[in-house]
Amino acid sequence: MGWRAAGAILAKDLRLELRRVETVATMVVFAVLVALIFVFAGDPTPADLRRLGPGALWVSLLFAGAIGFGRWFAQEERNQALQGLLVSPIDPAALFAGKWAGATVFLLALECVLVPVTLTLYQLDVRGAWGELALLLVLVTLGYAALGTFFAAVAARTTAGELLLPILLFPLSVPLVLAGAEGGQSLMEAGPTRSYWDWVSLAAAFDVIFGTVCTLAFEYVIEE
Amino acid sequence: MRWWPRSWRQFWSTLDGRTYHLMLGARPWIGWLAVGMMVVVFGLVFWWVPLEAIQGYPQKIFYIHVPSAWVMYGAFGVVFAASIMVLWKGTSLWDIFARCAAEVGFLFTTLTLATGMLWGKPIWGTFWTWDARLTTTLILWFIYAGYLLVRAFARPEANVARLAAVVGIVGFLDVPIIHMSVQWWRTLHPEPVVLILDDPGGGLPASMLITLLASLAAISLVFAWLWIQRVWQERTAENLALLEALLERKERSAR
């Protein structure tokens, strides 16, 4: 696989995003807003907050991602950039790997803001297990970015477009949401226990399976 | 005359043609057999099989619910296998197989959910609980709703067959992982009662097992019949479109 091509696509995406930070910036605001709205949905006591917190974090991340993936893929559609990439001698798998890495970086950047804010808003206590929390975040984000990039390309092939993306993406992301929310909760309640490691390994297995499948199948999605 | 195919390509195309003609020939038989079996099953369920001691009448929905769920998994297995064949062989018949199996499978998923909820109300006291198998089935329903929506909304210039095939494959591969994750999350569903291997005396009584197996056969036949019917419709529509295109070209060249 063309690692250089994948790297070039990642660099291009990062450069575009750094020039105009609009997408990631909008997503950060949106994600924090969702986390905030979650508090209004009930009238939570501090105990309720701690119970809801990890779930709210993943719901806001999921929603923000669904907005972002569509936009990151749509920028390839502008001025037939995708056609240009397709006629260039780049392996579709490398194209996918580049886009996937880009989406992962953007989501992780978003989490750098979202996670501290959610921890504060929901009065959560990580008990010093920052490394374990980061591991869980990275694994879940990798899997979600793979599915998101893949299905953004699928949705771009339909006339329904961004309307269809969450419908395809959310049901398939259920294992990731559960791994993030349940793993995060057990981490905050009891530290890195057996249950936390079970969820981490589930997320890791998900990443390996769907990273591979989406990379291989991407060719069939973008072909003309 | 050689009866064996000259190449793999020819082998697959003959197999496609033969399978299709075999299916068409079997269609009326399967239809009537399905109707007959359904009548037998209703007889067995309502008159023959004894009333379950604790649950009473609501238990009888089990004979429709469980086979529907099995047939649903079978249908999505067909979608998965046919999707792989679409990517591998690219013939339109496999695409039609996948599409029609997804439609009928979606119907059976709805039936599974509906009969399960009808049973849950008198037995569990609620239409819905967030039990592992219920949740997985609901997510499955959404996955194949998405699959059918991709087909419905695909752009004219997109290669619908391959696009849908990829969605069908990724969706099917996710099902066991979803099931496992939801299982860890919670479970309340009655444990499998059909076959309990480490307890030879346990499991279902013979009369209930016979009724269940008869119902499984009947519902599988209903599935097969609906599926073949849809395949025939789609294939006919495809042939019609082809004929129209040919006719149009002929007219244009005559002018």
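Note that residues are indexed from 1 along each chain, following the sequence as it is written. Ligands are numbered from 1 and chains lettered from A, in the order in which they are written. Thresholds applied to this predicted model are a pLDDT of at least 70 for local features of residues and 80 or more for the giving and counting of side-chain atom pairs; totals over whole chains, interfaces and linings are not thresholded and use all residues.

**Considerations on the overall build of chain A**
Then, in step 1: Within chain A, the secondary structure is distributed over nine helices and zero strands.
Then, in step 2: Each helix corresponds to a stretch of at least 4 residues labelled H or I by DSSP, and each strand to a stretch of at least 2 residues labelled E; elements are numbered beginning at the N terminus. Counted from the first residue to the last, chain A has its helices and strands arranged as α-α-α-α-α-α-α-α-α.
Then, in step 3: At 18 Å, chain A has a C-alpha radius of gyration in line with the 17 Å of a compact globule built from 224 residues.
Then, in step 4: Three exposure classes are used, based on other C-beta atoms lying within 10 Å of a residue's own C-beta, which is placed from the backbone: buried for 20 or more, exposed for 12 or fewer, and partly exposed in between. Counting across all 224 residues of chain A, residues that qualify as buried make up 47%.
Then, in step 5: Contact criterion: two residues are in contact if their C-beta atoms, reconstructed from the backbone, are within 7 Å. Taking all contacts inside chain A whose residues are at least 6 apart in sequence as the whole, residues at least 24 apart take part in 84%. C-alpha atoms define the radius of gyration, and 2.2 Å times the number of residues to the power 0.38 defines the globule rule.

**Quick notes on the overall build of chain B**
Then, in step 1: What chain B contains, in helices and strands, is six helices and zero strands.
Then, in step 2: Its helices and strands in sequence order give chain B the pattern α-α-α-α-α-α, from N to C terminus.
Then, in step 3: Here chain B holds 255 residues, and 33% of them are scored as buried.
Then, in step 4: A fraction of 78% describes how many contacts in chain B between residues 6 or more apart in sequence connect residues 24 or more apart.

**Remarks on the interface of chain B and chain A**
Then, in step 1: Taken together, the contact pairs 27 residues of chain B with 25 residues of chain A.
Then, in step 2: Here the element with the most residues in the side of chain B that touches chain A is helix α5 (residues 160–185) of chain B; it accounts for 15 residues.
Then, in step 3: Under the grouping applied here, Gly and all other residues not named as nonpolar or charged are polar, the nonpolar ones being Ala, Val, Leu, Ile, Met, Phe, Trp, Tyr, Cys and Pro and the charged ones Asp, Glu, Lys and Arg. Looking at side-chain class alone, the side of chain B that touches chain A contains 20 nonpolar, four polar and three charged residues.

**Re the nonpolar core**
Then, in step 1: Core analysis: the biggest nonpolar cluster contains 131 residues, and Val154(A), Ala75(B), Phe97(B), Ala98(B), Ala101(B) and Phe223(B) have the highest contact counts within it.
Then, in step 2: Excluding its chain neighbours within four sequence positions, the residues that come into contact with Ala75(B) are Ala101(B), Val104(B), Gly105(B), Phe108(B) and Phe223(B). Only buried residues count toward a nonpolar core: Ala, Val, Leu, Ile, Met, Phe, Trp, Tyr and Cys, linked into one set through C-beta atoms within 7 Å.

**Focus: the environment of Glu182(A)**
Then, in step 1: Tracing the backbone shows Glu182(A) in helix α8 (residues 174–190).
Then, in step 2: C-alpha of Glu182(A) to C-alpha of Gln75(A): the two residues are 107 residues apart in sequence and 35 Å apart in space.
Then, in step 3: Beyond its immediate chain neighbours, meaning those up to four positions away, Glu182(A) contacts Trp199(A) and Trp185(B).

**Here we look at the packing of helix α2 (residues 22–41) of chain A against helix α5 (residues 92–121) of chain A**
Residues and elements named next belong to chain A.
Then, in step 1: Only the stretch in contact is used when a helix axis is fitted, and all axes are lines through C-alpha atoms; the angle between N-to-C directions ranges over 0 to 180 degrees. Relative to each other, α2 and α5 sit at 30 degrees, their axes nearing to 10 Å. For the element pair α2 / α5, the angle class is roughly parallel. The way α2 lies across α5 gives a crossing that is right-handed. Of the residues in α5, those in contact with Val24, Met27, Val28, Ala31, Val32, Ala35, Leu36 and Val39 of α2 are Phe106, Ala109, Leu110, Val113, Leu114, Val117, Thr118 and Leu121.
Then, in step 2: Along the lines of polarity and charge, the residues of the contact of α2 with α5 split into 15 nonpolar, one polar and no charged. Oblique is the label for any angle not under 35 degrees, not over 145, and not in the 65 to 115 range, which are roughly parallel, roughly antiparallel and roughly perpendicular in turn. By the definition used in this description, the sense in which the near helix is turned from the far one sets the handedness, with an anticlockwise turn below a right angle giving left-handed and a clockwise turn giving right-handed.

**Things to note about helix α9 (residues 194–222) of chain A**
Then, in step 1: The end-to-end C-alpha distance of α9(A) is 41 Å, a good match for the 42 Å that 29 residues give at a rise of 1.5 Å each.
Then, in step 2: Here the bend at a residue means the angle between the axes of two seven-residue stretches, the one that ends at it and the one that starts at it. At Leu216(A), α9(A) is bent by approximately 35 degrees, the largest bend along its length. In this scheme, a helix's expected span is set at 1.5 Å multiplied by one less than its residue total.

**Here's the deal with α5(B)**
One turn of an α-helix holds 3.6 residues; hence residues three or four places apart share an orientation.
Then, in step 1: A rise of 1.5 Å per residue sets the reference length of α5(B), with its 26 residues, at 38 Å; its end C-alpha atoms lie 36 Å apart and thus fit the reference within 8%.
Then, in step 2: Of all the bends in α5(B), the greatest reaches close to 30 degrees and is centred on Val175(B); the proline Pro176(B) follows between one and four positions later.

**Remarks on the packing of α5(A) against helix α6 (residues 130–156) of chain A**
Residue and element names in this part refer to chain A.
Then, in step 1: Where α5 meets α6, the axes come as close as 8 Å, and the angle between the chain directions of the two elements is 130 degrees. Here α5 is positioned oblique relative to α6, judged by the angle of their axes. Considering how the two elements wind past one another, α5 and α6 form a crossing that is right-handed. Along its contact with α5, which presents Phe96, Lys99, Trp100, Ala103, Thr104, Leu107, Leu108, Glu111 and Val115, the element α6 presents Leu137, Thr141, Leu142, Ala145, Ala146, Gly148 and Thr149.
Then, in step 2: When its residues are assigned to classes, the contact of α5 with α6 shows 10 nonpolar, four polar and two charged.

**Side note on the environment of Glu223(A)**
Residue and element names in this part refer to chain A.
Then, in step 1: Residue position: glutamate 223 is located in the segment after α9.
Then, in step 2: Owing to 13 C-beta atoms within 10 Å, glutamate 223 belongs among the partly exposed residues under this scheme.
Then, in step 3: When the C-alpha positions of glutamate 223 and proline 92 are compared, they lie 8.9 Å apart, and in sequence the two are 131 residues distant.

**Examining the confidence of the model for chain B**
Residues and elements named next belong to chain B.
Then, in step 1: You can read pLDDT as the predictor saying how much it trusts each residue, on a scale of 0 to 100. Looking at chain B, the pLDDT average stands at 81 and 86% of residues meet or exceed 70.
Then, in step 2: Segment residues 196–201 is flagged for pLDDT under 50; beyond a separation of four residues in sequence, or across chains, it makes two contacts in the model.
Then, in step 3: Scoring the predicted complex yields pTM 0.84 and, for the interface, ipTM 0.85.

**Some thoughts on the environment of Val32(A)**
Residues and elements named next belong to chain A.
Then, in step 1: Tracing the backbone shows valine 32 in helix α2.
Then, in step 2: Since 18 C-beta atoms lie within 10 Å of it, valine 32 is described here as partly exposed.
Then, in step 3: Separated by 86 residues in sequence, valine 32 and threonine 118 place their C-alpha atoms 7.6 Å apart.
Then, in step 4: Ignoring any residue separated from it by four or fewer positions in sequence, one finds valine 32 in contact with Leu114 and Val117.

**Remarks on unusual backbone geometry**
All names here are of chain A.
Then, in step 1: Phi angles above zero are rare outside glycine, and glutamine 123 is one such case at about 50 degrees.
Then, in step 2: The residue glutamine 123 is located in the loop between α5 and α6 in this model.
Then, in step 3: Residue glutamine 123 is classed as exposed on the basis of its 12 C-beta neighbours within 10 Å.

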